[in-house]
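Structure assessment
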Amino acid sequence: MATFVIGLVILFGGAALYGKFCEKVFGPDDRETPAYSKQDGVDYVPMRCWKNSLINLLNIAGTGPILGPIQGILFGPIAFITIPIGNIIGGAMHDYFCGMICLRDGGTQMSAMIRKYSNKGVFTVYNIFVCVLLLLVGAVFVYTPGDIAATQVFHFSGLATDYTTWIIYGVIFLYYLIATVFPIDAIIGRIYPIFGAILMFSAIGVFIGLFAKGYPLLNIWDSWSSEFFDYGAYFDASHFIPVFFVTVACGILSGFHSTQTAIISRTMKSERQGRMTFYNMMVLEGFIAMVWAAGAMGVYNLGLQAADASLATGTIGVVCRDILGNVGGVIALLGVIVLPITSGDTALRALRLTLSESFHLDQSSNAKRLSLAVPVFVLVAAIIVWAKFNSEGFNILWRYFAWSNQTLSLFAFLAITVWMFENGKAKFAWIPLIPGAFYTFICSTFIANATIGFNLPWAVAYPIGAVCVIAYVGVLLWYGKKRSTQLRKV
């Protein structure tokens, strides 16, 4: 239990120090925000700080900070240290600068940010990449909450041949369509406080239960094995780097978050709310990830659930019911279901906004927004049907989602680095470059080795990753200095 507590101290202590440092580097001021200068009653709508923060938290926290840590904790108690460190210097920093740069640039979406701080080639690749990722997010975040609701709450079969499965999917789809098309304060701004209350009950309830029930959590200085599972053997056999950092995305770092902070940049009343809205909400997601990693290790060590990555959704129900009882467990499960639903709706909203900006499509009326949303939903539905009827469909879908999610962050780190050079902050370029270089290695080695990628042996994948890191850092430093020099000449 001590390592878990140390990890929480690192998480919240680091947030206080590094979050303040990042805020000082960016330099928020009192200029008018896009919520006022571009107010349109749909996407540009001034909202209070607490509401923006809550919406952002629910937007970014899908099933990632639950399913990821449940699988990631199989690597052992080292996860209690790597999650908070990665969150502070990687994920929270990523979310803060993405949100704040989009805010200062007029409430742009990430595609516009990438276009401004890179070149046409990078922008084209990013635009294709982000649209594919958002489609995958929409599909995953219908599939996972639908299956959890079907099997864990209603105790249906959850099979593709069971009509109840498709009814549940259909209800989630209908909500997504409404939330994607209608003004942000009309649906999302009103219903999210209710979702937020359920979410906090779930996370805090499980957190308190960890101590109340005395869950047996291993420390990094202990033997990495329990009566029911050998974490040390799993660590040795499963290539902690890069596999752990792809498995545990949300909670440490998620490229998907940049598409969500961009949405909230359009509803903020002041730049000075950015640290709370962007940085601290990612820290709270890190807390959720820590709680579920601990809960999973507890039930694994007690033998209440087999320590098997493929049983992650079942582990959720075991943790909730063992800690909170049957009634409290159901409420906690609802909190788990809320997370992906409140990410899926804004993922598809972000996709609509990205497409509208890229193709200059008018979105001023419900009819025009609906005409763009419908084909997007048809594609998402097709992905879900394929994944549901294919025995390996969801596993393939999840692996591509996890890898592309992390890879997307490299584009954001690129843009943040160039922004530093263009705004006289070149001496702080190391802030995005360090996590950018690390995740370049993670993403390139993973896809080089993975069966969904190039299926190369690790002996080849690791050198490829090293070359990619050198190229990523070298090109970024060269390009950043070039852009800085061009601006000075102008």
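For the structure, see preceding data.
Residues numbered from 1 in each chain as written. Predicted model: local features only at pLDDT ≥ 70, side-chain atom pairs only at ≥ 80, totals over all residues. Heavy atoms only, no water.

**Thoughts on the overall build of the chain**
Tallying secondary structure elements over the chain gives 18 helices and zero strands in all. The C-alpha radius of gyration of the chain comes to 21 Å, within 12% of the 23 Å expected for a compact globule of 490 residues. The buried share of the chain, reckoned over its 490 residues, is 61%. Taking the contacts inside the chain whose residues are at least 6 apart along the sequence as the reference set, 82% of them involve residues at least 24 apart. Carbon together with sulfur atoms contributes 68% to the accessible area of the chain, which is approximately 17900 Å² in total. In the chain, 30 side chains carry a positive charge and 24 a negative one; their mean positions are 12 Å apart. (Helix = DSSP H or I, 4+ residues; strand = E, 2+ residues; numbered from the N terminus. Rg over C-alpha atoms; globule rule 2.2 N^0.38 Å. Buried < 20%, exposed > 50% of the residue type's maximum accessible area, 1.4 Å probe, protein only. Contact = heavy atoms within 4.5 Å. Areas by Shrake-Rupley, 256 points an atom, 1.4 Å probe, with all protein chains shown as cover. Lys, Arg positive; Asp, Glu negative; His and termini not counted. Charge placed at Lys NZ, Arg CZ, Asp CG, Glu CD.)

**Details of the packing of aromatic side chains**
Across all of its chains, the model carries 40 aromatic pairs by this definition. Geometrically, the ring pair formed by Tyr96 and Phe97 is edge-to-face, given 5.4 Å between the ring centres and 85° between the ring planes. Judged by its relative accessible area of 1%, Tyr96 falls in the buried class. Residue Phe97 is classed as buried on the basis of its relative accessible area of 0%. Ring geometry for Phe207 against Phe211: centres 5.3 Å apart, planes inclined by 75°, an arrangement best described as edge-to-face. You can see Phe207 and its partner Phe211 sitting in helix H9 (residues 188-212), four residues apart, about one turn around the helix. One aromatic cluster is present, built from ring pairs that chain together Phe75, Trp224, Phe229, Tyr231, Tyr234, Phe235, Phe240, Phe244, Phe245, Phe438 and Tyr439. Over the aromatic face of Tyr143 sits the side chain of Lys388, whose NZ or CZ is 4.8 Å from the ring centroid. (Phe/Tyr/Trp six-rings, centres within 6.5 Å; stacked < 30°, edge-to-face > 60°. Lys NZ or Arg CZ within 6 Å of the ring centre and 35° of its normal.)

**Structural notes on the layout of surface pockets**
The space that makes up the second largest pocket amounts to roughly 320 Å³. In terms of lining, the second largest pocket is formed by 14 residues, of which the most central are Ala149, Val171, Ile172, Ile337 and Ile341. Going through the elements one at a time, helix H7 (120-153), helix H8 (163-181), H9 and helix H14 (312-358) are the ones with two or more residues in the lining of the second largest pocket. Residues belonging to the lining of the second largest pocket are distributed by class as follows: 14 nonpolar, no polar and no charged. (1 Å grid on protein atoms, 1.4 Å probe; cavity = no way out; pocket = protein on both sides within 12 Å on 5 of 7 lines; lining within 4 Å. Points joined across faces, edges and corners; volume = space filled by probe spheres on them. Nonpolar A, V, L, I, M, F, W, Y, C, P; charged D, E, K, R; others polar.)

**Describing empty space enclosed by the protein**
Enumeration over the complete set of coordinates arrives at two cavities of 30 Å³ or more. Taken as a whole, the largest cavity spans an internal volume of roughly 50 Å³. Every residue along the wall of the largest cavity is listed here: Gly64, Gly68, Thr247, Ala249, Cys250, Trp398, Phe401, Ala402 and Asn405. At the level of elements, helix H4 (64-72) and helix H16 (393-422) are the ones that each hand at least two residues to the lining of the largest cavity. Its residues assigned to classes, the lining of the largest cavity comprises five nonpolar, four polar and no charged. Approximately 30 Å³ is the volume attributed to the second largest cavity.

**Quick notes on unusual backbone geometry**
The amide bond that connects Ile241 to the next residue, Pro242, takes the cis arrangement and shows omega of 15°. Secondary-structure assignment places Pro242 in helix H11 (residues 240-247). Look at His239: it is not a glycine, yet its phi comes out positive at around 55°. Considering the arrangement of structural elements, one finds His239 in the loop between helix H10 (231-237) and H11.

**Topic: the packing of helix H5 (residues 79-104) against helix H17 (residues 430-449)**
At their nearest, the axes of H5 and H17 sit 10 Å apart, and the two run at 125° to each other. Relative to H17, H5 is oriented oblique. Considering the relative orientation of H5 and H17, their crossing is left-handed. Residue-level contacts link Ile89, Gly90, Met93 and Phe97 of H5 to Ile431, Pro432 and Pro435 of H17. Taken together, the residues that form the contact of H5 with H17 break down as six nonpolar, one polar and no charged. (Axes fitted to C-alpha atoms, helices over the stretch in contact; angles between N-to-C directions. Parallel < 35°, antiparallel > 145°, perpendicular 65-115°, else oblique. Left-handed = near helix turned anticlockwise from the far one by under 90°.)

**Regarding the pattern of salt bridges**
Summed over all chains, the structure comprises 12 salt bridges. Across the salt bridge formed by Asp105 and Lys116, the nearest N and O atoms sit 3.3 Å from each other. Residue Asp105 is located in the loop between H5 and helix H6 (110-116), and its partner Lys116 is located in helix H6; the two are separated by 11 residues in the primary sequence. Take Asp105: its relative accessible area is 22%, and that puts it in the partly exposed class. Among the salt bridges present, the one from Lys388 reaches Asp147, with a minimum N-O distance of 2.9 Å. Here Asp147 lies in helix H7 and Lys388 lies in helix H15 (residues 366-389), a separation of 241 residues in the sequence. Classification of Lys388 as buried rests on a relative accessible area of 11%. Residue classification places Asp147 among the buried residues on the basis of a relative accessible area of 16%. (Salt bridge = Lys/Arg side-chain N within 4 Å of Asp/Glu carboxyl O.)

**Things to note about helix H12 (residues 257-264)**
Burial analysis of H12 places eight of its eight residues in the buried class, the great majority of the element. Inspection of H12 places His257, Ser258, Thr259, Gln260, Thr261, Ala262, Ile263 and Ile264 among the buried residues, and these make up the whole buried set.

**With respect to the side chain of Gln406**
Relative to the helices and strands, Gln406 resides in helix H16. A polar atom in the side chain of Gln406 sits 2.8 Å from the backbone oxygen of Phe245. Once residues lying within four places of it in the same chain are set aside, the contact partners of Gln406 are Phe245, Val246, Val248, Ala249, Leu253, Ser254, Gly255, Tyr439 and Cys443. (Polar contact = N/O pair within 3.5 Å; in protein donor to acceptor, adjacent residues only side chain to side chain.)

**Quick word on the nonpolar core**
Among the nonpolar cores identified, the biggest contains 164 residues, and Phe97, Trp292 and Ile316 are the most heavily contacted of them. Not counting residues up to four positions away in its chain, the partners in contact with Ile316 are Ile66, Leu67, Ile70, Ile148, Trp292, Leu333 and Val336. (Core = buried A, V, L, I, M, F, W, Y, C linked by side-chain atoms within 4.5 Å.)

**Describing the packing of H12 against helix H13 (residues 274-302)**
How two helices pack is summed up by the angle between their axes together with the distance between the axes. Here H12 crosses H13 at 140°, and the two axes come no closer than 11 Å. For the element pair H12 / H13, the angle class is oblique. Judged by the sense of rotation from one axis to the other, the crossing of H12 with H13 is right-handed. Of H13, the residues touching H12 (which contributes His257, Thr261 and Ile264) are Thr277, Phe278, Met282 and Glu285. Class assignment for the residues of the contact of H12 with H13 results in three nonpolar, three polar and one charged.

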